[in-house]
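# Remarks on the overall topology
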Amino acid sequence: MGLVVLFLVVMAGWAAWNIWHGRTTHSWTRTEGRITKAQITRGERGRGGLYRLAIQYEYEAVGVRHRGSRLQYGYVGHLNRATSDLIRETYPVGASVTV
């Protein structure tokens, strides 16, 4: 019983952290970026074997070029490949995105 409670507390903390960080991004200045990589990867056994969109993008802010790879806060992947493939279609290599 104690492990279940500990697990639930850890998961609630993780969810709260992701929600807080996700909300703080709303105040960030937005700019245009370009997708440079978008491929589906499959996690190892320790990560549950989830299918995940590994994405990379480049953008410029205040005259400085940056690279990023975060799709969204809290994104861990999907149990089936078809869902990840649908997301990948939204972010084709070369596409312009707002970051």
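Residues numbered from 1 in each chain as written. Predicted model: local features only at pLDDT ≥ 70, side-chain atom pairs only at ≥ 80, totals over all residues. Heavy atoms only, no water.

The helix and strand tally for the protein chain stands at 2 helices and 4 strands. N-terminal to C-terminal, the α/β element order of the protein chain is α-β-β-β-α-β. When the 99 residues of the protein chain are sorted by exposure, 21% land in the buried category. Sequence separation of at least 24 residues holds for 56% of the intrachain contacts in the protein chain that already meet a minimum separation of 6. (Helix = DSSP H or I, 4+ residues; strand = E, 2+ residues; numbered from the N terminus. Buried < 20%, exposed > 50% of the residue type's maximum accessible area, 1.4 Å probe, protein only. Contact = heavy atoms within 4.5 Å.)

Examined against the element boundaries, Thr29 turns out to sit in the loop between helix 1 (2-24) and strand 1 (32-42). Along the chain, Thr29 and Val99 lie 70 residues apart, while their C-alpha atoms are 8.5 Å from each other.

Attention now goes to the confidence of the model for the protein chain. Taken residue by residue, the protein chain gives an average pLDDT of 81. The fraction at 70 or more is 80%. Here helix 1 is the element of the protein chain with the lowest mean pLDDT, 70, and strand 3 (residues 64-68) is the one with the highest, 94. (pLDDT = per-residue confidence, 0-100.)

Right, let's get into the nonpolar core. With 10 residues, the main nonpolar core is built from Ile35, Ala38, Ile40, Tyr51, Leu53, Ile55, Tyr57, Tyr75, Ala95 and Val97. Counting residues per element, this core draws most heavily on strand 2 (residues 51-61), at 4 residues. Every residue in contact with Tyr51, bar those within four places of it in the chain, is listed here: Ile40, Thr41, Arg42, Tyr75, Gly77, His78, Leu79, Asn80, Arg81 and Ser84. (Core = buried A, V, L, I, M, F, W, Y, C linked by side-chain atoms within 4.5 Å.)

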